[in-house]
Amino acid sequence: MNKKITVPDIRATKENGNKYTLVTCYDYTSATMVEASDIEMILVGDSLGMTMLGYDGTVGVTVDDIIHHGKAVKKGAPNKFIIGDMPFGAYNVSVEQGITSANKIFIEIGCDAIKLEGGKRSAAVIKGIVEAGIPVCGHIGLTPQTTSMMGGFKVQGKSMDAVELLLEDAKAIEEAGAFLIMIEGVPVSVTQYIRKNIGIPVIGIGAGPDCEVQALILQDMLGMYEWVPKFAKKFADLRPQIIDAFNTYHQEVVEGNFPTPEYSYNSKVEGLDD
Ligand code: KIV
């Protein structure tokens, strides 16, 4: 079992060149498998709205949803660095509201950091949460909570103006005190440009190889979800295997081949079996 990493370990990657991996995770059984692996970090992401709850997007996920799933993940993976996601509506009213939501997620899950979306627009909330003593990871680029403003799940940073705005956002997040920044869905050169101009490490998801931490959605990388974005390599293709297992189970039951004595309790009951 590898030692659990810390905020200073993650900060140090900017200098020492260490690379870490992160997967999203939302349940106990999956968390026990991540715990048994070399992956260092878990995000209890609001993507659970799509992967666990069947929503079209992440809006609608609540702080209580994140806590409900996060507690199970923490039980299954006590030695991983766990980030709890701040869902839409949990930090867009005021700094106080953001601190209250972050406190709840941080305390009730027992996670190591929280993540929230937005650059300049979220800087005051990030500052408040950091000053309250909670490590914060920012999130810019393709930010799923505001896809309606972006016109869908679209690659960001496609013009120089857009790139400069992303850099301003990244700098605002760093200045607000975040220790880490997630960049999602941007061309490789955009990540390189931002990384060169900020002093905190980057978690990339669909942002190319030049990141201190790489992130993937668990269901995407295991081939369990119906739709997979271009950047999500399937390191396994479990969906067809799982459907095959369901069908084999169904067929064996219908044909009378399951359960056999091997899968039954065969002890004799006096008076019943004589
Ligand atoms: O909620 C989530 O899973 C995310 C991903 C982009 C990693 O934020």
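Described in the following lines is the structure provided in the data block.

What counts and what doesn't
- Residues numbered from 1 in each chain as written.
- Predicted model: local features only at pLDDT ≥ 70, side-chain atom pairs only at ≥ 80, totals over all residues.
- Heavy atoms only, no water.
- Axes fitted to C-alpha atoms, helices over the stretch in contact; angles between N-to-C directions.
- Helix = DSSP H or I, 4+ residues; strand = E, 2+ residues; numbered from the N terminus.
- Parallel < 35°, antiparallel > 145°, perpendicular 65-115°, else oblique.
- Left-handed = near helix turned anticlockwise from the far one by under 90°.
- Contact = heavy atoms within 4.5 Å.
- Nonpolar A, V, L, I, M, F, W, Y, C, P; charged D, E, K, R; others polar.
- Near = heavy atom within 4 Å.
- Polar contact = N/O pair within 3.5 Å; in protein donor to acceptor, adjacent residues only side chain to side chain.
- Areas by Shrake-Rupley, 256 points an atom, 1.4 Å probe, with all protein chains shown as cover.
- Patch = residues over 30% accessible without salt bridge, like charges linked within 9 Å, V, L, I, M, F, W, Y side chains within 5 Å.
- Salt bridge = Lys/Arg side-chain N within 4 Å of Asp/Glu carboxyl O.
- Buried < 20%, exposed > 50% of the residue type's maximum accessible area, 1.4 Å probe, protein only.
- Phe/Tyr/Trp six-rings, centres within 6.5 Å; stacked < 30°, edge-to-face > 60°.

## Considering the packing of helix α5 (residues 95–110) against helix α6 (residues 123–131)
The description of two helices packed together rests on the angle between their axes and the distance between the axes. At their nearest, the axes of α5 and α6 sit 9 Å apart, and the two run at 50° to each other. In this view, α5 runs oblique relative to α6, as classed from their interaxial angle. When the axes of α5 and α6 are compared, the crossing they make is right-handed. Judged by residue contacts, Val95, Gly98, Ile99 and Ala102 of α5 engage Ala124, Val125, Gly128 and Ile129 from α6. The class makeup of the residues in the contact of α5 with α6 is six nonpolar, two polar and no charged.

## What about the site of the ligand?
Close contacts around the ligand come from Thr24, Leu43, Gly45, Asp46, Ser47, Asp85, Lys115, His139, Met182, Glu184, Ile205 and Ile217, and that covers them all. Ser47 places a side-chain nitrogen or oxygen 2.4 Å from an oxygen atom of the ligand. Within the side chain of Asp85, one N or O atom sits 3.1 Å away from an oxygen atom of the ligand. Alone, the ligand offers 260 Å² of accessible surface; in the complex the protein occludes 98% of this. In the shell around the ligand, the residues fall into four nonpolar, four polar and four charged.

## Looking at a nonpolar patch on the surface
Taken together, Tyr249, Val253, Phe258 and Tyr263 make up a surface patch of nonpolar side chains, about 430 Å² in accessible area. With respect to the helices and strands, the residue Tyr263 is situated in the segment after α11 (238–254). By relative accessible area, Tyr263 is classed as exposed at 55%.

## Some words on the packing of helix α4 (residues 63–76) against α5
The interhelical angle for the contact between α4 and α5, taken along N-to-C directions, is 25°, at an axis separation of 8 Å. One finds that α4 runs roughly parallel with respect to α5. Like other packed secondary-structure pairs, α4 and α5 cross with a definite hand, here right-handed. In this structure, α4 contributes Val63, Asp64, Ile66, Ile67, Gly70, Lys71 and Lys74 to the contact, and α5 contributes Ser101, Lys104, Ile105, Glu108, Ile109 and Gly110. A breakdown of the residues in the contact of α4 with α5 according to their chemical character gives five nonpolar, three polar and five charged.

## Focus on the pattern of salt bridges
For the coordinates displayed, the defined rule picks out nine salt bridges. The salt bridge involving Lys115 is made with Asp85; its shortest N-O contact spans 3.1 Å. Highlighted residues: Lys115 in strand β4 (residues 113–115) and Asp85 in strand β3 (residues 81–85), separated in sequence by 30 residues. Each member of the pair, Lys115 together with Asp85, is buried.

## Regarding the side chain of Gln219
You can see Gln219 is positioned in helix α10 (residues 218–221). Overall, the relative accessible area of 7% leaves Gln219 in the buried class. With sequence-adjacent residues up to four places away left out, Gln219 is seen in contact with Thr24, Tyr26, Thr51, Met52, Met224 and Tyr225.

## Structural notes on the packing of aromatic side chains
Geometry of an aromatic ring pair is reported as the spacing of the ring centres plus the angle between the planes. Applying the stated rule across the entire model yields three aromatic pairs. When the centroid spacing of 6.1 Å and the interplanar angle of 80° are considered together, the rings of Tyr249 and Phe258 count as edge-to-face. With 5.7 Å between their ring centres and 45° between their planes, Phe258 and Tyr263 make a pair best called tilted. Taken together, Tyr249, Phe258 and Tyr263 form an aromatic cluster joined through their ring pairs.

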